[in-house]
Amino acid sequence: MSKLHLVMGGRVANPQTLEFEDLNSIDLVGVFPDYASAENAWRGAAQRTVDDAEMRYVIVHLHKLLEPELPSAE
């Protein structure tokens, strides 16, 4: 199985948390087959909103959610 990663972001209520204000307006950047390509997409999305402290982009390790018993080697 590929080590799938999701890149997503949106406006947060507090820049120090991941509590998104409006789940309907989440920006789903994409699903990527490895961490390196996900990180590249995350950097691009985060860089576009660097001046907006309330916008936050994250990388979600989907493979850890789908098969949590597998050892992690990023």
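Residues numbered from 1 in each chain as written. Predicted model: local features only at pLDDT ≥ 70, side-chain atom pairs only at ≥ 80, totals over all residues. Heavy atoms only, no water.

Going by what an unreviewed UniProt entry lists, the protein chain is known as Inositol monophosphatase and is assigned to Sphingobium chungbukense.

### Some points on the nonpolar core
Judged by nonpolar contacts, Leu6, Met8, Val12, Phe20, Ile26 and Val58 together constitute the single largest core of six residues. Once you skip the residues sitting within four places of it in the chain, Leu6 turns out to touch Leu28, Gly30, Val31, Val58, Ile59, Val60 and Leu62. Ranked by size, the runner-up nonpolar core spans five residues in total, among them Val7, Phe32, Ala41 and Ile59. (Core = buried A, V, L, I, M, F, W, Y, C linked by side-chain atoms within 4.5 Å. Buried < 20%, exposed > 50% of the residue type's maximum accessible area, 1.4 Å probe, protein only. Contact = heavy atoms within 4.5 Å.)

### Brief notes about the sheet that holds strand β1 (residues 5–11)
One open sheet accounts for three strands, arranged β2-β1-β3; its pairing is antiparallel. Only two strands of the sheet have a single partner each, and these edge strands are β2 (27–32) and β3 (55–61). Strand-to-strand twist of the sheet, defined as the mean angle between neighbouring strand axes without regard to direction, takes the value 15 degrees. Bridge analysis of β1 against β2 gives five bridges, and the strand direction is antiparallel. Paired with Leu6 across the bridge in β2 is Val31. Relative to the sheet, helix α1 (residues 35–48) contacts β1, β2 and β3, its axis offset from that of β3 by approximately 170 degrees. (Pairing = 2+ DSSP bridges. Helix = DSSP H or I, 4+ residues; strand = E, 2+ residues; numbered from the N terminus. Axes fitted to C-alpha atoms, helices over the stretch in contact; angles between N-to-C directions.)

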